Amino acid sequence: MKVNHLFLFLFIFVQSCQSIKIKENKEPSNRVQKLIGNIKEIRVSTISNPSPTNTSSKNEGITTIFYDRTGRIIKHDDKYNDKFTDYTIFEYDHSLVTKSTTTSNSGSRELMITHKYDKKHNEIEYIAYWDKLLDLKRVMKYDTKGNVIEKQYFDASSKLHRLEKFDIDYKKQKVTVYEFDKEGKASNYDFTFEFDKHGNRTKSELINVAKKYHSCTIDEYDKKGNFLKSYSCNPDDNGKSFLVYNYIFDSVGNIIKQEEIINNVLSKTTIIDIIYW
């Protein structure tokens, strides 16, 4: 079972007017503006274009998302081909999703995900079950500004197997991430990222001193927060752009077409059909 989360994140945004809300690190295709207007249904279809290793286009399936009149997602269908479809339904506590259940006509196991929140609507617990058996658990802690400062990852036996701590410097708009294994041993990697006034990640660096490994990436966005391009800031790469996104909008202002371009070659095209109430 494969769950397509494209645009699903749009309904769980938590807004803060008094401080910067640092956004989660999502795939570039999901780093886009919030939806506008009273939407009834969204239909998303994605085509992967030919590449040197694959000379034919591939339809990655169709995702259909259904909304109620309050803007909450009530159902989410992922159709991969004429035979196989996943169906996801959601349960809420007011505007916060508390549980999602995904079933499939392919005979795959049922996936159930539960969420818990604190009084400020920050997600503090995420648990996934396959056929009601625990698969993984994630527990989060936040600072007074509502940004995550710790993530604990538990396995199917409820044992802690990984820990992440986030050191946030709001003056420099920079976060340093420290990772530890189940024994409490620190990772060999140093990971930092910078963010803008909208909480978007603008620069990320991953360093392993022992192995002399250094990866540096810069991301750019438009005024609405839509991801535009990502390029390497490693000295030996000369700042060459390697990932670009283009958009087309409808009259309301929502994205209805998204193009992914890698190394100046069109890699993927996503069409979003929107039905309004």
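By convention here, each chain's residues receive numbers from 1 onward along its written sequence. Reporting in this predicted model follows two pLDDT cut-offs: at least 70 for local features of residues, and 80 or more for side-chain atom pairs to be given and counted; totals over whole chains, interfaces and linings ignore these cut-offs and use all residues. Computation of side-chain values: all heavy atoms of the structure, hydrogens and water removed.

**Some thoughts on the side chain of D68**
For the record, the criterion: Each helix corresponds to a stretch of at least 4 residues labelled H or I by DSSP, and each strand to a stretch of at least 2 residues labelled E; elements are numbered beginning at the N terminus. Each residue's exposure class comes from its accessible area (1.4 Å probe, protein chains only) as a fraction of the maximum for that residue type: buried when under 20%, exposed when over 50%, partly exposed otherwise. We define a polar contact as two N or O atoms separated by no more than 3.5 Å, with the added condition that, inside protein, one atom must be a possible hydrogen donor and the other a possible acceptor, whereas residues neighbouring each other in sequence contribute only through side-chain atom pairs. For this analysis, residues touch if any pair of their heavy atoms sits within 4.5 Å.
Tracing the chain through its elements places D68 in the loop between β2 (58-67) and β3 (73-79). Among the residues examined, D68 registers a relative accessible area of 16% and is labelled buried. Of the polar contacts made by the side chain of D68, one reaches the side chain of T70; its length is 2.7 Å. Not counting the four nearest positions on each side in its chain, D68 is found in contact with I39, I74 and W277.

**Description of the packing of aromatic side chains**
Convention followed: For this analysis, a ring pair means two rings from Phe, Tyr or Trp (six-membered ring only for Trp) whose centres lie within 6.5 Å, classed as stacked if their planes differ by under 30 degrees, edge-to-face if by over 60, and tilted for the remaining angles.
Following the criterion strictly, the structure yields six aromatic pairs and no others. Each ring, one from Y189 and one from Y213, has its centre 6.4 Å from the other, and the planes form 80 degrees; the classification is edge-to-face. Highlighted residues: Y189 in the loop between β11 (174-181) and β12 (190-195) and Y213 in strand β14 (residues 213-221), separated in sequence by 24 residues. A centroid spacing of 5.4 Å and a plane angle of 80 degrees characterise the contact between F227 and Y245, whose relative ring orientation is edge-to-face.

**Examining the environment of I271**
Residue placement: I271 occurs in strand β18 (residues 265-276). Taking the C-alpha atoms as reference, I271 lies 8.8 Å from I255; in sequence the two are 16 residues apart.

Spatial relationships are all this shows, so hold off on functional conclusions.
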